[in-house]
Structure formats: C-alpha cells, structure tokens
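Analysis of the macromolecular model
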Amino acid sequence: MKIRSNSQSRTASALVAVIITITILALLASSLVVNVNNHRMTISQASAWQEALAAAEAGVHQGIAQLEQGLAQNSLPLAGPSPIAWSSPFPSGTTTSTSTRVYLNHAGEGPSGASNSYADYTLTLNENTTQTIPRPYYCIVSVGTVGLPGGKSLSVDSADAVLRKLNLRTATRTATRTIEAWVKPVYTTQGPLKTDQPINLNNHNIFVDSFNSADPTRSVNGLPDARDSNGHLLTNIGQFDAPNFNVPLSANIATNSPFANIGNASVYGDVLTNGGATDANGATVTNTSNVKGQIINDYYEPLEPIYAPQWSNATVSGSVNNSKTYTGGTATSPARYQVGTIASIGNIKLSGGKQVTFDFGTTRGSPDPSKNYIELYVTGDFTTRGSGSTDGSVVIVNGVNVKIYVAGDLNFSGNGLVNYNNTAKSLEIYGISPPDGTTQTFTLAGNSDFYGTVYAPGADLKLAGGGGSGEFVGSFTGKSAFLNGTTQIRYDEALAGSGRISSFKIAGWFEDVKKTGTFTGQLQF
Amino acid sequence: MTLPEIMIALAILGIVLSVCYGSSVALQRGFASTTSWADARNSQLRVLDSLAADLRNATATSFTTSADGLTNTLPLTLTIPMRYQPNPSPSPAYETTGALAGDPARSALRVEPGVYATTGSMQYRDSSGQQVAIAVTYRYGASGTKRTIVRQIDWPYTAPPTSTLALSPPLPTAANTASREVGSFTNYSSASLSDPDNILKVTFTNDDMQLISSSDTAVVVRIEASPDSRHPEKKSVLNDTVFLREATFK
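Residues numbered from 1 in each chain as written. Chains lettered and ligands numbered in written order. Predicted model: local features only at pLDDT ≥ 70, side-chain atom pairs only at ≥ 80, totals over all residues. Heavy atoms only, no water.

Another point: the overall build of chain B. Helix and strand content of chain B: two helices and twelve strands. The order of helices and strands in chain B, counted from the N terminus, is α-β-β-β-β-β-β-β-β-β-β-β-β-α. A compact globule built from 250 residues should have a C-alpha radius of gyration of about 18 Å, whereas chain B, at 25 Å, is more than 25% larger. If you line up chain B on its principal axes, its C-alpha atoms span 105 × 45 × 25 Å. Buried residues in chain B amount to 45% of all 250 residues. For chain B, the accessible area works out to roughly 11800 Å², and carbon and sulfur atoms hold 57% of it. Charged side chains in chain B number 20 positive and 21 negative. The centres of these two groups are separated by 3 Å. (Helix = DSSP H or I, 4+ residues; strand = E, 2+ residues; numbered from the N terminus. Rg over C-alpha atoms; globule rule 2.2 N^0.38 Å. Buried < 20%, exposed > 50% of the residue type's maximum accessible area, 1.4 Å probe, protein only. Areas by Shrake-Rupley, 256 points an atom, 1.4 Å probe, with all protein chains shown as cover. Lys, Arg positive; Asp, Glu negative; His and termini not counted. Charge placed at Lys NZ, Arg CZ, Asp CG, Glu CD.)

The next point concerns the sheet that holds strand β26 (residues 417–419) of chain A. Residues and elements named next belong to chain A. Spatially, four strands are ordered β15-β18-β23-β26 in an open sheet, and the strand pairing comes out parallel. On the outer flanks of this sheet lie β15 (324–327) and β26, each paired with one strand and no other. Ignoring strand direction, the axes of neighbouring strands in this sheet form an average angle of 10°. Alignment of strand β18 (residues 356–359) against strand β23 (residues 394–396), held across three bridges, turns out to be parallel. In the sheet register, F358 faces β23, and the bridge partner there is I396. (Pairing = 2+ DSSP bridges. Axes fitted to C-alpha atoms, helices over the stretch in contact; angles between N-to-C directions.)

Attention shifts here to the side chain of E471(A). Residue and element names in this part refer to chain A. Mapped onto the elements, E471 comes out in strand β30 (residues 471–484). For E471, a relative accessible area of 10% gives the class buried. Among the polar contacts made by the side chain of E471, one reaches the side chain of R490 at a distance of 3.0 Å. Setting aside residues no more than four positions away along its own chain, E471 makes contact with P224, D449, F450, Y451, Q488 and R490. (Polar contact = N/O pair within 3.5 Å; in protein donor to acceptor, adjacent residues only side chain to side chain. Contact = heavy atoms within 4.5 Å.)

The next point concerns the nonpolar core. One broad trend across soluble globular proteins is that nonpolar side chains are buried collectively. Counting 52 residues, the largest nonpolar core has L193(A), L201(A), Y326(A), I348(A), F358(A), L376(A) and F476(A) as its most contacted members. If one sorts the elements of this core by residue count, strand β29 (residues 450–464) of chain A sits on top with six residues. Counting 45 residues, the second-largest nonpolar core is a separate cluster that includes V47(B), L48(B), F63(B) and I153(B). (Core = buried A, V, L, I, M, F, W, Y, C linked by side-chain atoms within 4.5 Å.)

This part is about the sheet that holds strand β4 (residues 174–187) of chain A. Residue and element names in this part refer to chain A. In spatial order, the strands read β1-β2-β3-β4-β32; together these five strands make up an open sheet with antiparallel pairing. For this open sheet the edge positions go to β1 (100–103) and β32 (501–512), each flanked by a neighbour on one side alone. Averaged over all adjacent pairs, the angle separating strand axes in this sheet is 25°, with direction ignored. Where strand β3 (residues 135–147) and β4 come together, ten bridges link them in antiparallel fashion. When the sheet's bridge partners are listed, T145 is paired in β4 with T176.

Residue and element names in this part refer to chain A. Its boundaries defined by the atoms lining it, the second largest pocket holds a volume of some 930 Å³. For the second largest pocket, the lining is made up of 35 residues, of which N74, K403, Y405, Y430 and R500 are closest to its centre. If you list the elements that add at least two residues to the lining of the second largest pocket, you get α1 (7–72), β21 (373–378), β24 (401–406), β27 (427–431) and β32. Here the lining of the second largest pocket takes four residues from β24, the largest share from any one element. Class assignment for the residues of the lining of the second largest pocket results in 19 nonpolar, nine polar and seven charged. (1 Å grid on protein atoms, 1.4 Å probe; cavity = no way out; pocket = protein on both sides within 12 Å on 5 of 7 lines; lining within 4 Å. Points joined across faces, edges and corners; volume = space filled by probe spheres on them. Nonpolar A, V, L, I, M, F, W, Y, C, P; charged D, E, K, R; others polar.)

Following L74(B), the chain continues into P75(B) via a peptide bond in cis, with omega recorded as 0°. Mapped onto the elements of the fold, P75(B) is located in strand β2 (residues 72–81). A cis amide bond links W155(B) to the next residue, P156(B), at an omega of -5°. Within the fold, P156(B) resides in strand β8 (residues 146–159). Phi is positive for K165(A), which is not a glycine, with a value near 50°. Among the secondary structure elements, K165(A) is positioned in the loop between α2 (158–164) and β4. Owing to a relative accessible area of 17%, K165(A) belongs among the buried residues under this scheme. With a phi angle near 50°, R364(A) is a residue other than glycine that sits in the positive phi range.

This next bit is on the interface of chain A and chain B. With 48 residues of chain A at the contact, the number on the chain B side is 47 residues. At the boundary of chain A with chain B, total buried surface from both sides reaches about 4400 Å², with 60% on carbon and sulfur atoms. At the surface where chain A touches chain B, the tally comes to five salt bridges. D49(B) is the partner of R164(A) in a salt bridge, and the nearest nitrogen-oxygen pair spans 2.8 Å. Viewed at the interface, chain B and chain A are joined by eleven residue pairs in polar contact (both at pLDDT 80 or more). (Buried area = accessible area lost by both parts, 1.4 Å probe. Salt bridge = Lys/Arg side-chain N within 4 Å of Asp/Glu carboxyl O.)

Right, let's get into a nonpolar patch on the surface. A cluster of nonpolar side chains, V16(A), I20(A) and I24(A), forms an exposed patch at the surface whose accessible area comes to about 250 Å². Looking at the element boundaries, I20(A) is found in helix α1. (Patch = residues over 30% accessible without salt bridge, like charges linked within 9 Å, V, L, I, M, F, W, Y side chains within 5 Å.)

With that settled, consider the environment of P227(B). Residue and element names in this part refer to chain B. In this fold, P227 is placed in the loop between β11 (218–225) and β12 (236–243). Overall, P227 belongs to the buried group, its relative accessible area being 3%. Through-space distance from the C-alpha of P227 to that of A32 is 9.9 Å; in sequence the pair is 195 residues apart.

Residue and element names in this part refer to chain A. Residues T100 and V102 of β1 are buried on one face, while the alternating residues R101 and Y103, pointing to the opposite face, are not. Where β1 lies against strand β2 (residues 117–128), four bridges are found, and the strand directions are antiparallel. The residue bridging R101 from the neighbouring strand is D120, located in β2.

See below:
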C-alpha cells in the first residue's frame, strides 16, 4: 500500500507544533522569571528599607557624639535658630538652620558609593524647666535614606507598599525612615558612688543610703536622719523601708567594671556592674548579703574627664603652707584663685593647726552675703594633716559656695574639712584627669563629717570614717573606690541635676511612620 | 510510508508528547511551588518587619504563652505612645479603613513629648493633659482558605500623668479601632483553620530562648509557614532578633 505523500503539509504542521511548544515553554519560563524577579525586587526593597533604619540610627549616634564632644570642649550647643546644626561634622560654634548629613558605606544592591546611603539629622535644644533646676534635653530627628535598586515596579503585594512607603515617584528612588530620639543629661552627682574600676567596701559596718534634703518628709531639717550606736535611724526618716515612707531605693552604687566587693556592707539601693557575675564559681560581685536592692550587671556610663580650668581672671599664687583666707565673688563673677601654674606646680599643704578658710567677700570692709562664690584651682596636691585647732584644716563659712579643682593628689585627714553649710551642694571638688599612666589618689579621712561632692574620674578614691561618725554626705565618683572603717555615705537625692553634665543618656526613641515625617523636636510641657 | 513506519512514528510521537506533558506538569508544579514559597517568604518578611517596627516603639509588651508553655505567641499587645492627634479634631488620628488602616491619618498632627518632672523621663499627653497611648495587637485571622495575621490598633488609652498607663479594657467611649492584614498564608495542610500551627506559627522568646519577661529588652521572633502544597511538612522559617528601643530606656 502506498500513501500519497504531502511533504509541504507535514513540514508546516511540525513547525506549528514546535512553535506552540516553544510558546508554552516560553510563557511558563517567563512567568517564572517574572515571579522570581518580583520576589527579588521585594527582597531588595525590604533590604534597603532595613538599611535606611540603620542609617537613621547612625545619624542619632552622630548627634550624640557631637554632644559628647561639646561636653569635652565645654561648648554644648545653645538655644538658637531651631533646629541646631553644625556646618562641619563636629562643632564649629556656628549654628545654621540646616541639618547635618552623614554618609555611610553602601555595599548592597543598587547604585554603590557613599551618596546612596546617608542620614540627615538635626539637634534641637529644649531647656526642661519642669524640674527644680533647668536641664538641657536634646531632640535628635534623623532621616535615613537609601537608594533603591532596580526599576519603578513595586512588589506584587500592595501590603509591602503600605508598610514600607517607598519613594518611587522621583528620578531618585529611595527608602527613607525617620527616627526621633531624645537625650537627657546625666550629672556628676547622680548616685552616691560611681567608678570606672572596681569598688571595694572593706567593712560590714559601712553603709550607703539616701535622703532628700529638699523633702521634709525624708530629712530632718535638711539633714540625714541620725543613727544610734547600733546604726539604727533615730526617727525613721529617709530610709526607703522605714514605716510610712515607702520610697524607691536611690542609693545605687555603680561601676563600669565587673568587680565589686560589697563586704556585706548595707547598701540601700542597687549594685550595678558591667558584666559582673554572682555565680558561686568565678563570682566578681561578692559579699552582697546586705544589699537591699538588686544586683544589675548591664551597667555602663562613661565618666567624662575633667580638664584644667583655663582662667584668664584668676588670682595666681605660689604654694600655700600657712593659714590663708579666700574670699568670694558674686554668682555671675565668682572669685577665682589658682595655686601654682603649669610650669611651676603649686601645692596646698596644711599641718600643725594651719587653716585655709573660704569666706564671704567684702563690700566697704564688711562681709557681703552676695559675694559667696569661690573657685580654687590647685595645680599640685591639696593635703591637710595633724590637729591643734577646734575647726578643721579647711573651713567653709556658712553661706559660701566653693568649687575646688585639684590636679594632683587630695588628702583631707587630720582635722579634715568642715563645711558649715551642712549641705553637699555647697562644695564641689573636681579631680583633673591625670595623663595616662599617672596615678592620682583622693583620700577623705578627716575627723569631721564631710558635706560635698567629689568627681575625680582619674583618681583612686579612698574614704575612711575617722573620728565621730565617719559620715560622708554627698556624691562620690572616682576611677576606683576603697571604703574602710565605719564609713557612711549618705547620698542627698536633691543633688541630682546639680554639678556638671558628665554624659547624655537616651530618654526616648520613636520611629515616625507618617509618610512625610512630622516631628520637630519641641517639648510640649 | 509503510504501516510499520507510521506505527514507529506514532510511537515516537507518543513518547515525545508524554515527555512534553511531563515536563509541562513538572514546570507548572515548580512554578506553583516557587510562587507559593515566594509569596510566603514575602508575607513572612512583611510580618516580621511590621512586628519589628512596632516592637521598637513599644513601651510595654503583653505576649500570650503558647500551649506547651515554652514560648510566647500571638496574640501580642503592645503599648505605644500616641504620637499623632486628629486634624481637624473630630476626625480620627489614624486611618480607620482601607489599605492604610491603622497608619497615622494623612492630615494627623504630631504630639510632642514633655518631661515628667518626677522621673525625668519622656511623657506624651493629649490636649487635656492626660497621658495617652495606643494599643497595637497582632493576632491570627482567617480569610477564606487562608490563615492571616492581623494588625489592629485601638486608641486612645489615657491615664493621669502621675499614674502608670495601662491598657485596661474596656476602651473609653471615644474609642477608635482599625485593623488590616499584614500577611496571608494559604492553607495547604489538611488541618482546619482552627489549627494555626499547621499552617502558620509565630513564636517569641527572649535572647536566652526563654519566655519573655518585662525586663527583657530583646525579642527573638520566629515565623513558620508551610508554603508547599505537596509537602506541607516542609517549613519556611524566618527568624529575627528585635531590640526594644523604647522599653530599654525605662
């Protein structure tokens, strides 16, 4: 049997079959490619959106770094054109109304280079006046921007667009996120005892508690409640767990190191360390049986260094070895005295009944109560020893406010220091941070009670209760701390907000999800 | 052409067609599988991003403990400062309907914070001086044959400045609510929608893989989905650790 062949028809049908097959396969393959590409696009856009958050937070960190540099240079930004910004990456003192831009390295998909990932941030000063002492709160509004890879297309699901609010309309397609962060000042006087290195409370008779000299329900005539011979409060005022006074613990002692020997001392607050361990094996926070609060191990707070004063109007003298009286100036123009110079170090060394007195300035030969501010810079050591006087070796007349800067060692022993104000905020002692590798020691071991604050971030701090009660009323900060004897630290909560700003701490964080970003960094109340 | 030749040709054609058919079916299965995995991954990523954004802003969290007691799960309720206010006043501060439901209204105005004198911390108040917050709740939902995750917000919750602001039910009479789906997942398993764990499972732990406590400042979020219709036991898993910014500073 023979079948008539029609080769032309067979060829055409084969071609059609091939074309149909290829078309079907191509459609399937293209659908797959489109799907995969859409997924890739979504991943890329989500990645850029995440990176925009990192960029925005980098702007916040840069703002905080600028504030900390301002602290170190004693040039915090002041209220001015709002918002405050600098024309260079670090403070130049010039304020403008524009934001500051920081560029970040971008290694992801999309156009590479620094210009593809950046943050614009503004710093706004808000003087918080709701508390007793006005405090500078700063608002940092930071907008992180990252360029988007690929074309204009969105992902297949509109929910992605709703969430991420990408900018696809302009020639430069971007993902942006806006962060508003608030930072508040941390003062040198916040807390009874802070150190960078280990704390050692070397006696179970030591105790650390707090009171509030501005609160009559938590102080006795502005003073901490006295204790009897057994260490019990006489009137139950001030103690956090005393009857009728259920107040939070405030006498927190803190170290940036993991080591703290509490020596079974009574601490009416928390013990904060940086990574300390309380486990039986390898414990670094030890003898904590009388800690009334918690042991917290995630603490860190930088201690800003203290630099030597640069005074142009100080009265400069040589070393002081005999009795001397420093008289005061006004609050706006305090009397400034400098002992020695950088080239010729000067010390104050008192013994054998010699006395340094801080007294009122005079007007027409009579003491003037308005002239009650004194600042003293000792370029060397400040030491008192011996006895022989009814007063201390250093005397502060009631009503006089004193700041003392010491570049060398400080040792108040013997008759020690008598502050007739009986308030801690009337005396501020600062230890000027020594060069690296240089040891500095601050010792307070006088016979009398000590009222004042000590901030010496480069000094080894030694407190030893001497005669009467060994009571130290105020706030104490050092590189390390060693307490001995019957030392009592009585922290005055009313100190918070006085002294110097040592750092800034984040107080608020919020991501503004409104498309255009609306926060301006102004305090409402 | 002889009969044997025709039979051989038909046999070859049959083989070719069956190969084509098989390839086509395999391609379609692959395509469907790729699509469902891609969709699931997109949804997981979106849910994770949405959760992370809200967790970072939260000042307080309230998780549900899972049935086995080992992890936290949905529903999750977050307390977030109310940073937007109506403009004009009678209108809602947040979109109540549509794709943007739960987002700040287009015309909404900002609410700036103040400093609470007693603690020195930031506080957010409305025009009458009351502290004000919104509740953001993530919960499982169902839509047809799909399992969804819904983000719902309720506002405003208020409290005097001297009190701790709590999301205590019921909502005040002026309450508003808005919700939208942030992710949907196809029910490929034989389980019903009432058994979400076979379709979709969201779990939370702290960074030590324990139940979350109020002092934790980081949350590990884990989302499991079953995107493969032929192998529902194969899970698509996405993890992320979210650091709670606002809660950390308290």
